[in-house]
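# Working through the structure, step by step
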Amino acid sequence: MRLADDTTLVESLRIAVPLYLADLLTRPAADRAAAAHRWRAAGASAIGERGDLLQFVDLGRTEAKRLKVANTFEQLARGLAALVVLHPDGVSVAGLHWCLQPDCQRCQPPRPEPAMTLADINAQLEALDADYRRTAGLPPWTPPTPDAAPPTPLPQTRRHPTITLHLPEVA
Ligand SMILES: [Zn+2]
């Protein structure tokens, strides 16, 4: 399996790397460079030592193992974010791309045109419905006629009867 076919990993990176990148970019320049070098080194070690945990994920593992997988993923995502900061041309992994170039078309590829429009879908649904009605021997569907009767008026609010109390005067 190619890395790009690992949907869980790719979609997780798609979210995580920009977040770590934002973390780096909001730091002061000196701190940013130091953190990027640290994250790059840690990411390289983690992937070198435990990269197989991300490659062969098995669900029957213990909590400790799960944490190890999560930590390895975090190191990978941080390492990639660090590479983006350290290499302004950017990083491309498994069909994903991140860089610091403004207006980069690879970072924000244009959305593909949908293969079908809503009108196409509705036409197909109507054809299916007509086909079903023919098969089931039902008459063709006709839209319900709106009720000609005027709407029922709201009931009048009831007025409570007035009760007058005659209290004896107190001397
Ligand atoms: Zn880019």
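So, here's what we can say about the structure. (Residues numbered from 1 in each chain as written. Predicted model: local features only at pLDDT ≥ 70, side-chain atom pairs only at ≥ 80, totals over all residues.)

## With respect to the nonpolar core
Selection rule: Note on terminology: a nonpolar core is any set of buried Ala, Val, Leu, Ile, Met, Phe, Trp, Tyr and Cys residues joined through C-beta atoms within 7 Å. Put simply, a residue is buried when 20 or more other C-beta atoms lie within 10 Å of its own C-beta and exposed when 12 or fewer do; between those, it is partly exposed, and each C-beta is set from the backbone. The way it works is that DSSP assigns letters per residue, a run of H or I at least four long becomes a helix, a run of E at least two long becomes a strand, and they are numbered from the N terminus. Each residue is represented by a C-beta atom placed from its backbone, and any two residues with such atoms within 7 Å are regarded as in contact.
Counting 17 residues, the largest nonpolar core has V17, L21, A77, L80, A81, A82 and V84 as its most contacted members. The set of elements that each furnish at least two residues to this core consists of α1 (7–25), α2 (29–55) and α3 (63–86). Here the element with the most residues in this core is α3; it accounts for 9 residues. Dropping the residues within four chain positions of it, L21 is found in contact with A81, V84 and W98.

## As for α1
Our working rule: Here the expected span of a helix is defined as 1.5 Å times the quantity of residues minus one. Bend, at a single residue, is the angle you get between axes fitted to the 7 residues ending at that residue and the 7 residues starting at it.
The terminal C-alpha atoms of α1 lie 27 Å apart, and with 19 residues this matches the ideal 27 Å at 1.5 Å per residue to within 8%. The largest bend in α1 is about 25 degrees, located at L13. Of the residues making up α1, those classed as buried are L13, V17, Y20 and L21.

## Describing the environment of A34
With respect to the helices and strands, A34 occurs in helix α2. On a C-alpha basis, the gap between A34 and A82 in space is 9.8 Å, while along the polypeptide they are 48 residues apart.

## Remarks on α3
Relative to the 34 Å expected for 24 residues at 1.5 Å per residue, α3 spans 34 Å between its end C-alpha atoms, a close match to the ideal helical length. Where α3 is concerned, the buried positions are F73, Q75, L76, A77, R78, G79, L80, A81, A82, L83, V84 and V85. On its buried side, α3 packs onto α1, α2, β1 (91–93) and β2 (96–98).

## Considerations on the packing of α1 against α3
Our working definition: Only the contacting stretch of a helix is used when fitting its axis, a line to C-alpha atoms as for every element, and angles between N-to-C directions run 0 to 180 degrees. Under this scheme an angle from 65 to 115 degrees is roughly perpendicular, one under 35 degrees roughly parallel, and one over 145 degrees roughly antiparallel; angles in between are oblique. In this scheme the crossing of two helices becomes right-handed for a clockwise turn of the near helix relative to the far one and left-handed for an anticlockwise turn of less than a right angle. Put simply, Ala, Val, Leu, Ile, Met, Phe, Trp, Tyr, Cys and Pro go in the nonpolar bin, Asp, Glu, Lys and Arg in the charged bin, and everything else, Gly too, in the polar bin.
The contact between α1 and α3 brings their axes to 8 Å, and the two run at 55 degrees. The orientation of α1 relative to α3 falls into the category oblique. The hand of the α1/α3 crossing is right-handed. Facing α1, whose interface residues are S12, L13, A16, V17, Y20, L21 and L24, α3 presents F73, A77, R78, L80, A81, A82, V84 and V85. For the contact of α1 with α3, the residue count by class is 13 nonpolar, 1 polar and 1 charged.

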